[in-house]
Amino acid sequence: MKIITIVGIRKSGKTSTVTSLIEEIRRRGKKVGTCKTVFCPTFSMDKSTSNTAKHRRAGSELVCARAKFETTFLYPEALPLSKVLEAYKGCDYVLLEGDYFAPVPRIVCAHLEEDALMRMNGRTLAFAGRISEKPEIDLPLPRFNALTDAGSLLDYIDAKIPDIMPCALLDEPLPPVAGVTDDGFCQCGCHHHEKKQKKESLQVLFEGKEITLTAEQRAMVLSWAQEAADGE
């Protein structure tokens, strides 16, 4: 199994690089799995009003939603990378999109030279994304345009990355890259939304003292209130 993470600022070409690699890997008859890291603190795969969310709140340690063409397992915590990768047994490649802290080889997608160089670390193999369309920018590592030549990028990955198996060593997160402050943090603007919610927040009193809720807690309380109203 070859494991690589594709990182970079917003709109730098991460997802396009990942999808192009997926198509090339499949074209070669290999198996590939992907994992998207989401840093938003209010994000959930499960709606707070769904039946599976009710199962989790009641205390179920593992919840499964099984549909006609899809099966989703919902764990009540963020699993370590080694545990996540156990589900990818049989895959020849695993592409991690947006995982800045995984101690695995990485490809950096960027717009500008500054974006690219700031996100380099000792595990960086190459650059990709929008910066690959700017040959005038001098970079210390190879660059690849996955949209037009995913084959060359995959050949490069094959030559540089050995096969590894999931192990506890993968659970030791890398430190943030020095000087970079926006990697590994929510970029969807929910913190602005949360500030707004503080002004419009529900008034919750506990033993006579008002409690300020986060956006996630507020959504949960509203969900409970709706459930109570529906049950009347």
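## Side note on helix H1 (residues 14–27)
Since there are 3.6 residues in each turn of an α-helix, residues three or four apart along the chain are aligned in direction. The end-to-end C-alpha distance of H1 is 20 Å, a good match for the 20 Å that 14 residues give at a rise of 1.5 Å each. Turning to H1, its buried residues number three or more, namely Lys14, Thr17, Val18, Ser20, Leu21, Glu24 and Ile25. The arc enclosing the buried residues of H1, seen along the axis, measures out at 165°, which places them on a common side. In this structure, H1 carries Glu23, Arg26 and Arg27 as exposed residues pointing more than 90 degrees from its buried face. Looking at the buried residues of H1, the elements they touch are strand E1 (2–8), strand E2 (32–36), strand E5 (93–97), strand E6 (106–109), strand E7 (124–128) and helix H5 (146–160).

## Focus on the nonpolar core
Within the largest apolar cluster, 20 residues are counted, with the highest numbers of intra-cluster contacts made by Ile4, Ile6, Leu21, Leu95, Ile107, Leu153 and Ile157. Those elements that place two or more of their residues in this core are E1, H1, E5, E6, E7 and H5. Broken down by element, the residue count for this core peaks at five residues, all from H5. If sequence neighbours within four positions are ignored, Ile4 has contacts with Val94, Leu95, Leu96, Val104, Pro105, Arg106, Ile107, Leu125, Ile157 and Ile161. In terms of nonpolar packing, the next biggest core, distinct from the first, is built from eleven residues, Leu81, Leu96, Ala102 and Leu170 among them.

## Section: the side chain of Ser82
Relative to the elements of secondary structure, Ser82 occurs in helix H3 (residues 81–85). With near-sequence residues (within four places) excluded, Ser82 lies in contact with Pro166, Cys167, Ala168 and Asp171.

## So, the pairing of E7
Buried residues dominate E7, accounting for five of its five residues. Relative to E7, E6 is paired through four bridges, and the arrangement is parallel. Within E7, the residue paired with Val108 across the bridge is Phe127. In this fold, the crossover linking E6 to E7 by way of helix H4 (residues 113–118) has right-handed handedness. When E7 meets strand E8 (residues 143–144), the two strands line up parallel, connected through two bridges. Pairing of Ala128 across the sheet is with Phe144, part of E8.

How each quantity is defined
- Residues numbered from 1 in each chain as written.
- Predicted model: local features only at pLDDT ≥ 70, side-chain atom pairs only at ≥ 80, totals over all residues.
- Heavy atoms only, no water.
- Helix = DSSP H or I, 4+ residues; strand = E, 2+ residues; numbered from the N terminus.
- Expected span 1.5 Å × (residues − 1).
- Buried < 20%, exposed > 50% of the residue type's maximum accessible area, 1.4 Å probe, protein only.
- Arc of directions from axis to C-beta.
- Contact = heavy atoms within 4.5 Å.
- Core = buried A, V, L, I, M, F, W, Y, C linked by side-chain atoms within 4.5 Å.
- Pairing = 2+ DSSP bridges.
- Right-handed = clockwise from strand over helix to strand, strands pointing away.

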